Amino acid sequence: MKKALQIKVVGVVQGVGFRPFVYRLAETLSLTGWVFNSSEGVKIYLEGSEENLLFFLEKLKKEAPPLSQIYHLEIQEVPYEGLEDFKILKSEEKGKIELDILPDLGICKDCLLELFQRENRRYRYPFITCVNCGPRFSILEKIPYERENTTMKFFKLCPSCKEEYENPLNRRFHAEPIACPVCGPYLELYASSGEKLASSEKALELSQKYLKEGKILAVKGLTGFHLVARADDPQVIEILRSRKRRSKKPFAVMFREITQLENYVELTDEDKKLLLSPQAPILLLPDKGLLPANLNEGLNTLGVFLPYTPLHHLLLKDLSFPLIATSGNFSDEPIVFENEEALSKLSQIADYLLLHNRPIKRGLDDSVIKRSGTFYIFIRRARGYTPLPIFLKLSTKKVILAVGAQERNTFSLAFKNKIISSHHLGDIEDVISLSHFERCVYDFLKLYGIWPEIIVSDLHPRYETTRWALEFSQKEGIPLIQLQHHLAHIYSVLAEKGEIPEEEVLGVSWDGTGYGLDKTIWGGEFFLIRGLHFERIFTLRPFSLIGGEKALKDTRRIALSLLFEIFGEEALSLDLPFLKTLRESEVLMFYQAWKRKINSPSTTSIGRLFDGFSALLGICYYNTYSGEAPMRLEKLYQPNFKEAYPFSIKEGFYIDWEEVIRGVLRDFSNPSACATKFINGLARIILEIAKLSGVRKVVLSGGVFMNGPLMFKTLSLLKEEGFETLRNELFPPNDGGISLGQAFYGVLKLNFDAPVS
Ligand code: ZN
Ligand code: ZN
Ligand code: FE
């Protein structure tokens, strides 16, 4: 008895080899029918025996191509037609495209194999790719994802490539970016003077020669430029630092292969999987300390990754040393991705530039993930992950644009039942970065063919993004919602789960700085949250930031502020090393400023407490990059040491740190014990408050939770006591996740609140 089924597959099913997979599966099960891409997903019609149809459905889910993601299957029994064979039909082009855009992917195993096969026609071809790998989002000009809509439209397929492209049984069937040495892009090497030196194989050969000599190269990769240099030479590192204007911030290192990498960092099997995945992120792992200290000064982690494009593989293949590969830009500027800009800008940093003529439509930085114990914390979400959506269990009738915060900015778009977040855009703090932000917003709007009907921003009146949102809402006549920063952090976690938060949760939102509802600087907040309702139930005992903004860099000002709070003027006579690094007149001046509250705003920030703490211990007196002091403290943490400093609750509202500071003054000679007891103490106070709060779900977010030991300790304590814990798993707990939280809050508000007008 033969039957017929119609199946609709919704999800990430375009550009991943889904139709050929369906074709092969149908053939092996002797089923007839057809498959094609429609606007709503892949549609399949199948005929055959009931048994084989069931087999098909089972295998469709189990054996789907590795990059595909099936969100939803619709199966319907339909009249039997009696077709003779199985066909892949031409795509349906009408209607709105609702398929998701795939992120850029690292080279797959099959292509890597072919890359080094002498007899292959793509032997050593730096742009080898197939349906399972290569550029996607970064070359897309508009949807649907088809070759004419990507920057590959400039390259006409040669007959051999065309044959592969049109053969359903080939791995390159409808693989949009495919090319070969005959028809595709090629390499060119330039000197920083702009003189063209070589192309193709010769360009590669010379590049390797220059790298061996310790030269700095700008290399055009998958989604932007890297600055590349040998990672084993402290002098080369120093030159790169001074030219890039990046004094201490650690550099990431690319290794030829896992077996080389294993010598340099401590690797788990999970780490290997992640490093070898198509996302190929930079992983921060425990450093064995074999590379020069000025690569990651004062830290015990090293950012490592593996070659993820054929070009990287070719470049590293014959080199005995690993390479620094850091974003091609001057510190804090957007990543360079166009040849002209590279030639004008990166030529000031690099000695040589290795370019190619496959245009990149938008630049994305590498994604960065940190491992702490057995779990992973996103630090930066970009290449390989953007623009995969977060799916919600509720939907929004209006398009919501959430503009994020200021540091590590991203923006997000909520529409239908999903939120799509932009890649990491860096700090938005001047005209240049703001106009970059604006360009990216318009780029996304155009790509998805949508326009904001509601806009959500931070509350901070001086954030560039807040001002921009205000202006946009006035110009477009659409409502603006402002959400307090630390609440946005908590909502970012709830957004990841996509659920309607019906149960009351305890939100622990700890970060560097955020604008509070009382107009002071918050950063050590405990909220009870249910749906749209919240109550701030605890915060850190406030202290002053002497000199305002200056105290964000100069950690000694915070250490002094903490001491003044406890000892008043007597703090001046304490015998502490950090005091000796300041002139007596300076210390007096700080005291006066503190006492009279001159340019010394009050804060409840745990991030700043970390800063002050590390100055007290003499670990870090100056943050040359965001998070330096707390990162240096992490190095001192001893996982097996159980003692903790006692944070206490005062006036039923404040978490007091006074006993902690007094403890440090006693244990001062053992900084490692101090740091460990500090972090353990913070974890314990979270547990204590969780118990007091009467809820069973605890949500952790905010930049402070990039601190591995703190996150790990807090999670284990809470779990031991039976609490359910939620944290950011797909997005960073830092301000990179703010826009996601804002967007989700907007969706909740639309669904559950009085109409936003
Ligand atoms: Zn491939
Ligand atoms: Zn070709
Ligand atoms: Fe924050």
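Please read all numbers here as calculations on a predicted model, not as lab measurements.

About the thresholds
- Residues numbered from 1 in each chain as written.
- Chains lettered and ligands numbered in written order.
- Predicted model: local features only at pLDDT ≥ 70, side-chain atom pairs only at ≥ 80, totals over all residues.
- Heavy atoms only, no water.
- Donors = N, O, S within 2.8 Å, 3.2 Å for Na, K, Ca; no water.
- Tetrahedral: all angles 85-135°; square planar, octahedral: opposite > 155°, others 65-115°.
- Buried < 20%, exposed > 50% of the residue type's maximum accessible area, 1.4 Å probe, protein only.
- Helix = DSSP H or I, 4+ residues; strand = E, 2+ residues; numbered from the N terminus.
- Phe/Tyr/Trp six-rings, centres within 6.5 Å; stacked < 30°, edge-to-face > 60°.
- Core = buried A, V, L, I, M, F, W, Y, C linked by side-chain atoms within 4.5 Å.

*Asks:* An account of the coordination of the zinc ion (ligand 2) is needed here, citing residue identities and associated values.
*Replies:* For the zinc ion (ligand 2), the full set of protein donor atoms is Cys158 (SG), Cys161 (SG), Cys180 (SG) and Cys183 (SG), at a range of 2.2 to 2.3 Å. Around the zinc ion (ligand 2), the four donor atoms sit at angles spanning 103 to 118 degrees, and that spread fits a shape best called tetrahedral. For the zinc ion (ligand 2), the single-chain donor residues occur in sequence as C-x2-C-x18-C-x2-C. Taken as a pair, Cys180 and Cys183 share a single burial class, namely buried.

*Asks:* Report on the coordination of the iron ion (ligand 3), specifying residues and quantitative values.
*Replies:* Coordination of the iron ion (ligand 3) by the protein involves His485 (NE2), His489 (NE2), Asp511 (OD) and Asp735 (OD), with metal-donor separations of 2.0 to 2.3 Å. What the four donor atoms of the iron ion (ligand 3) show is an angle range of 88 to 169 degrees at the metal, which sorts the shape as irregular. Written as a sequence motif, the donor residues of the iron ion (ligand 3) are H-x3-H-x21-D-x223-D. Here Asp735 lies in the loop between strand 29 (724-727) and helix 23 (738-752) and His485 lies in helix 13 (residues 485-497), a separation of 250 residues in the sequence. Neither His485 nor Asp735 differs from the other in exposure class; each is buried.

*Asks:* Account for the packing of aromatic side chains, naming residues and giving values.
*Replies:* Enumeration over the complete set of coordinates arrives at 34 aromatic pairs. Ring centres of Tyr23 and Phe86 lie 6.2 Å apart, and the angle between their planes is 70 degrees; this geometry places the pair in the edge-to-face category. Of this pair, Tyr23 sits in helix 1 (residues 18-28) while Phe86 sits in strand 5 (residues 86-88), and the two are 63 residues apart along the sequence. Just as Tyr23 is buried, Phe86 falls in that class too. Measuring from centroid to centroid gives 5.1 Å for Trp468 and Phe472, while their planes differ by 25 degrees, and the two rings are stacked. One end of the pair is Trp468 and the other is Phe472, both in helix 12 (residues 464-476) and four residues apart, which spans about a single turn. When its relative accessible area of 1% is taken as the criterion, Phe472 is described as buried.

*Asks:* So what's going on with the nonpolar core? Residues and values would help.
*Replies:* Counting residues in hydrophobic clusters, the biggest one holds 70 residues, and the most contacted among them are Leu506, Trp510, Phe526 and Phe678. Counting residues per element, this core draws most heavily on helix 21 (residues 671-693), at 11 residues. Core analysis: the second largest hydrophobic core is formed by 46 residues, Leu115, Ile128, Tyr210 and Leu311 among them.

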